[in-house]
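Each chain, written out:
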Amino acid sequence: MEPDDTWTSIRTQCEALEPGAELITPVSERPFGIERTAADRIVVRFEDSGERRSLWREQFVVFLERLDEGTVAIEHLQPGVEPYASIVTLSDEYGVDDGTISYDPDAVGGQSPFLVPAADSRAPPEHVHDDAVLLAALLERLDADDPAALDTDSLTDLYVLASDVQHGADRLRRSTRAPLLERLGPDQQLHGRYGTVRRTTRERRRPKDAETVFAALDERGIPREWVTGIDRDKLDIVLAVTELEEDEVYDVDEDVYVQKTSVDEDEKYSRLQGLADRIDDLEDAEGAALREELDDIEDRLEEALSAG
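Since the structure is predicted, the reported quantities are computational estimates derived from the model, not experimental observations.

A separate point is the sheet that holds strand E5 (residues 72-73). Note: strands within a sheet are paired through backbone hydrogen bonds, in either parallel or antiparallel orientation. In spatial order, the strands read E5-E7-E6; together these three strands make up an open sheet with antiparallel pairing. This sheet does not close on itself; its edge strands, each paired only once, are E5 and strand E6 (94-97). Where E5 meets strand E7 (residues 100-103), two bridges bridge the pair, whose relative direction is antiparallel. Its bridge partner lying in E7, Ala73 is registered against Thr100.

Structure, rendered in C-alpha cells:
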C-alpha cells in the first residue's frame, strides 16, 4: 500500500476509536488519547501531563519507510517516536511480534497491543464516580428497601455495584489519608462542606521477641506458662504432617456468604454512555431547570450548615 493510502487508513482507524479509548507508548508506557485528525497531522493528548502534541504526516511517512525496509525493534524506539509507533499498529498492515513492529498481512485494523479500551482506561477516581452513577441510576428504578422482592438479575446487579462502590471508595479514602495528615496538626480539625475530620492516634501493640518477654517475666517471678499458649501456625503444620484430625483441635464454624466473582466492565461502560447520552438529550429548558434545582439544593444545604 502506498504511503498516502496507509496514512488515510491510519487516520480512519484513529477516528473510529471509541470515545475514551487510549493508546500506550510501547517503551515508556505513557497513556495518550487521540484528540483530532487533520490532513497533515494527528493531535494527541498525554494523560499524565495534559501535553498536546501534533504527530505530523511527514514523520509517519518516514517511520513507514523504515518499516518497508524491515522490522523496527520496540526497545530502541526514542520517546518522540513512540506515539507514532503505537498509532501505526492500529493499521491493517503492521503488527507486533517478538518485540518488533513489522509488516503483517494478517493484521486487523483497529486492533493493537498498545490500545486500551475505554472501559479499561479510567483512573481509579473515575471508576468510583462511574460506579456510583450506575448504582444511583439502579436505585432510582428499584425498591431497595425490600431486596427480597427484587428479581434475581436486579438483586445481583445491586450487590455487584454496591460492592464495587464500597471497595473503590475505600481505596480512594485511603489515598486521601496521607495528604490530610500533612495538613492536620495535633488536636486540629478540618471542616469541609460535607463534614469534619480530625487527627486520631491509636496504639497497636505487638509482643517483643520471646527472649525479652521471658527475661522480664523471670525478673519479676512470673511463671512463663501464664503467657504461653497454642501457636496456630505450628498447629496447622502438625495437622498437615500427622494423623491428627482437624475437629480434634479446632471448633469449625461454617460462614456462608455471597462472593462477587466477576464484573462486566464493558456492560457498565455501555450503560454509562447511555446515561450520558440521555443527559445530553435534555432540552435546554429541562437542562436549565435541572441546574437551577441542583443550585437550590446546594443553597439550602449551605444555609442549614451555617445555621447549625
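So, about the confidence of the model for the chain. Here the chain shows a mean pLDDT of 83. Residues at 70 or above account for 85%. Considering each helix and strand of the chain separately, the mean pLDDT is smallest for helix H10 (residues 284-307), with a value of 62, and largest for helix H3 (residues 82-88), with 93.

One pass over the full model with this rule turns up eleven salt bridges. One network of salt bridges, with partners in common, ties together Arg30, Asp48, Glu51 and Arg53.

Looking now at the pairing of strand E4 (residues 52-56). Of the strand pairs in this sheet, strand E3 (residues 41-46) and E4 are connected by five bridges, and their pairing is antiparallel. Looking across to E4, one finds that Val43 is bridged to Ser54. Connecting E3 to the next strand, E4, in antiparallel fashion are five residues, including Gly50 with a positive phi near 80°.

Looking now at the packing of aromatic side chains. Geometrically, a pair of aromatic rings is defined through the distance of the ring centres and the angle of the planes. Scanning the entire structure with this criterion turns up four aromatic pairs. Seen from their ring centres, Phe32 and Phe46 are 5.5 Å apart, and the 50° between their planes marks the pair as tilted. In this pair, Phe32 sits in strand E2 (residues 31-37) while Phe46 sits in strand E3, placing the two residues 14 residues apart along the sequence. Assigned by exposure class, Phe32 and Phe46 land together as buried. In this structure an aromatic cluster arises from ring pairing among Trp7, Phe60 and Tyr84. For the cation-ring pair, Arg30 lies above Phe46, with the distance from its terminal atom to the ring centre recorded as 4.1 Å.

The strand order across the open sheet formed by five strands is E4-E3-E2-E1-E8, and the pairing between neighbours is antiparallel. Strands at the two margins of the open sheet, each flanked by one partner only, are E4 and strand E8 (115-116). When strand E1 (residues 22-24) meets E2, the two strands line up antiparallel, connected through two bridges. Bridge assignment links Leu23 to a residue of E2, and that residue is Phe32. Most of the contacts of helix H2 (residues 57-69) go to E4, to which it runs at about 60°, and overall it touches E3 and E4.

Positive phi, normally seen in glycine, also occurs at Glu29, with a value near 55°. Relative to the elements of secondary structure, Glu29 occurs in the loop between E1 and E2. Phi at Asp187 takes a positive value of approximately 60°, unusual for a residue other than glycine. Inspection of the secondary structure assignment puts Asp187 in the loop between helix H5 (152-183) and strand E9 (189-191). Overall, the relative accessible area of 80% leaves Asp187 in the exposed class.

Rules behind the numbers
Residues numbered from 1 in each chain as written. Predicted model: local features only at pLDDT ≥ 70, side-chain atom pairs only at ≥ 80, totals over all residues. Heavy atoms only, no water. Pairing = 2+ DSSP bridges. Helix = DSSP H or I, 4+ residues; strand = E, 2+ residues; numbered from the N terminus. pLDDT = per-residue confidence, 0-100. Salt bridge = Lys/Arg side-chain N within 4 Å of Asp/Glu carboxyl O. Phe/Tyr/Trp six-rings, centres within 6.5 Å; stacked < 30°, edge-to-face > 60°. Buried < 20%, exposed > 50% of the residue type's maximum accessible area, 1.4 Å probe, protein only. Lys NZ or Arg CZ within 6 Å of the ring centre and 35° of its normal. Contact = heavy atoms within 4.5 Å. Axes fitted to C-alpha atoms, helices over the stretch in contact; angles between N-to-C directions.

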